[in-house]
Amino acid sequence: MVNKQPIGIFDSGIGGLTVFRSIANLLPQYDYVYLGDNARAPYGNRSFNTIHQYTWECVQELFAMGCPLVVLACNTASAKALRTIQQQDLKTVDPTKRVLGVIRPTAEVIGNYTQTKHIGVLGTKGTVQSGSYLLEIANFFPDVTVHQQSCPLWVPLIENAEHDKPGSDYFVKKYLDQLLEQSADIDTILLACTHYPLLQKKIEAYLPAHIRVVAQGDIVAQSLVNYLQRHPEMESKLSKTGEKRFFTTSDDTTDFDNLATSFFTEPVKSSFLHLK
Ligand code: DGL
């Protein structure tokens, strides 16, 4: 890893892999380090201060591995920690480093998907309570109404590999019903948590056919392409040998490896990262 300058991808757990897969498809030439804070996931129900502290610790680990650029592939961290990191923390360590989130690039395009101008946003408690999607979507699409629903049990089901099992159906249906009760006009549902695409098939099965479900991976990947085109000073720093490395803060890496392997063509063997 010496001399390598990979792109860092961070999530509280395995959800960020749904974004990483899209990024690696579109930009296979770069080196990447993925870090999942599985030992402390889920972040969604935690306080602002805790989410900021955990996210910043992990971002610094990625900086220490040589990453000049880190993508927070996590809506909760993007909603609760990104601004403080960008505006305060970076200058205390290295102002040339960059950290990007997933909420703004999604808000920039999501209004293009709806005909009825009513969007449902599904996210963690932290993301929903932050109101970030309400604010950001209103900025870009003032004529769109956003209906939010938090789904606090979905990430625990996914992190515990229960999402494909019949037991998860009850909670999939429960939160979708709560969202749809808010408006009959919703024609687009944004999965505003990077874990949720793992439940996408079940989600779609419980929705009427006219409602479109949108995952963020491809949107965030395209926005990273645009970012690197606009920032040649960053692009030129990044090393390009097409290497992917994976770290998890969980001391048992088996679950992470099994799931991550299903996302990529080659088997994933992650390493345990012990947070100090
Ligand atoms: N994958 C994360 C997100 O996009 C968060 C999940 C969590 O740890 O609660 O919000």
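Residues numbered from 1 in each chain as written. Predicted model: local features only at pLDDT ≥ 70, side-chain atom pairs only at ≥ 80, totals over all residues. Heavy atoms only, no water.

Draft legend 1. Region of interest: the pattern of salt bridges. Per the counting criterion, the structure on display carries eleven salt bridges. Between lysine 4 and glutamate 243 there is a salt bridge, with the nearest N and O atoms lying 3.4 Å from each other. Taken together, the residues span a long stretch of sequence, with lysine 4 in the segment before β1 (7-11) and glutamate 243 in the loop between α12 (232-235) and β9 (244-248) at a distance of 239 residues. Note that lysine 269 and aspartate 257 form a salt bridge whose closest N and O atoms lie 3.3 Å from each other. Pair noted here: lysine 269 is in the loop between α13 (254-261) and β10 (271-272) and aspartate 257 is in helix α13, with a separation of twelve residues, a long-range link. (Salt bridge = Lys/Arg side-chain N within 4 Å of Asp/Glu carboxyl O. Helix = DSSP H or I, 4+ residues; strand = E, 2+ residues; numbered from the N terminus.)

Draft legend 2. Spatial organisation of the sheet that holds strand β4 (residues 98-100). With respect to topology, six strands assemble into an open sheet ordered β4-β3-β1-β2-β9-β10, the strand pairing being parallel. At either margin of the open sheet sits one strand with a lone partner, and together these are β4 and β10. Pairing geometry for β1 and strand β2 (residues 32-36), over five bridges, is parallel. Across the sheet, the residue bridging to glycine 8 is valine 33, located in β2. The sheet strands contacting helix α1 (residues 17-26) are β1, β2 and β9, and the helix crosses β2 at an angle near 170°. (Pairing = 2+ DSSP bridges. Contact = heavy atoms within 4.5 Å. Axes fitted to C-alpha atoms, helices over the stretch in contact; angles between N-to-C directions.)

Draft legend 3. Highlighting unusual backbone geometry. The peptide bond linking alanine 41 to proline 42 adopts the cis configuration, its omega dihedral lying at -5°. Structurally, proline 42 can be placed in the loop between β2 and α2 (48-64). Located in the positive-phi region is lysine 117, a residue other than glycine, with phi close to 65°. Inspection of the secondary structure puts lysine 117 in the loop between α5 (103-110) and β5 (118-123).

Draft legend 4. Summary view of the packing of α5 against helix α7 (residues 132-140). Running from N to C, α5 and α7 cross one another at 45°; their axes reach a closest spacing of 8 Å. Between α5 and α7, the interaxial angle falls into the category oblique. Once α5 is placed against α7, the crossing between them reads as right-handed. Of the residues in α7, those in contact with Ile103, Arg104, Thr106, Ala107, Glu108 and Ile110 of α5 are Ser132, Tyr133, Glu136, Ile137 and Phe140. Looking at the contact of α5 with α7 residue by residue, the classes come out as six nonpolar, two polar and three charged. (Parallel < 35°, antiparallel > 145°, perpendicular 65-115°, else oblique. Left-handed = near helix turned anticlockwise from the far one by under 90°. Nonpolar A, V, L, I, M, F, W, Y, C, P; charged D, E, K, R; others polar.)

Draft legend 5. Structural view of the side chain of threonine 194. Among the secondary structure elements, threonine 194 is positioned in the loop between β7 (188-191) and α10 (200-205). There is a polar contact of 2.9 Å between the side chain of threonine 194 and the backbone oxygen of alanine 73. Residue contacts for threonine 194: discarding those within four places in its chain leaves Asp11, Gly15, Gly16, Thr18, Val19, Ala73, Cys74, Asn75 and Gln216. (Polar contact = N/O pair within 3.5 Å; in protein donor to acceptor, adjacent residues only side chain to side chain.)

Draft legend 6. Seen up close, the site of the ligand. With respect to spatial proximity, 13 residues lie near the ligand, and among them Ser12, Tyr43, Gly44, Thr76 and His195 are the closest. Counting atoms within 2 Å of the grid points, the majority share of the ligand lands in the largest cavity. Taken together, the residues of the shell around the ligand break down into five nonpolar, seven polar and one charged. (Near = heavy atom within 4 Å. 1 Å grid on protein atoms, 1.4 Å probe; cavity = no way out; pocket = protein on both sides within 12 Å on 5 of 7 lines; lining within 4 Å. Sits in = over half its atoms within 2 Å of the grid points.)

Draft legend 7. Main features of empty space enclosed by the protein. As enumerated under the stated definition, the model contains one cavity of 30 Å³ or more in all. There is about 130 Å³ of room inside the largest cavity. If you trace the largest cavity, you find 18 residues lining it, with Pro42, Gly44, Thr76, Thr124 and Val155 closest to the centre. Split by residue class, the lining of the largest cavity holds eight nonpolar, eight polar and two charged. (Points joined across faces, edges and corners; volume = space filled by probe spheres on them.)

Draft legend 8. Summary view of the layout of surface pockets. The volume enclosed by the largest pocket comes to roughly 830 Å³. In this structure, the largest pocket is lined by 32 residues; those nearest its centre are Leu82, Ile103, Arg104, Pro105 and Glu136. Here the lining of the largest pocket takes eight residues from helix α11 (residues 217-230), the largest share from any one element. Residues that form the lining of the largest pocket fall into these classes: 14 nonpolar, twelve polar and six charged. Roughly 260 Å³ of internal volume is contained in the second largest pocket. Taken together, 13 residues form the lining of the second largest pocket, with Pro197, Leu198, Leu199, Gln200 and Lys201 sitting closest to its centre. When residues of the lining of the second largest pocket are traced back to their parent elements, those giving at least two are α1 and α10. The greatest single-element share of the lining of the second largest pocket, amounting to four residues, is contributed by α10.

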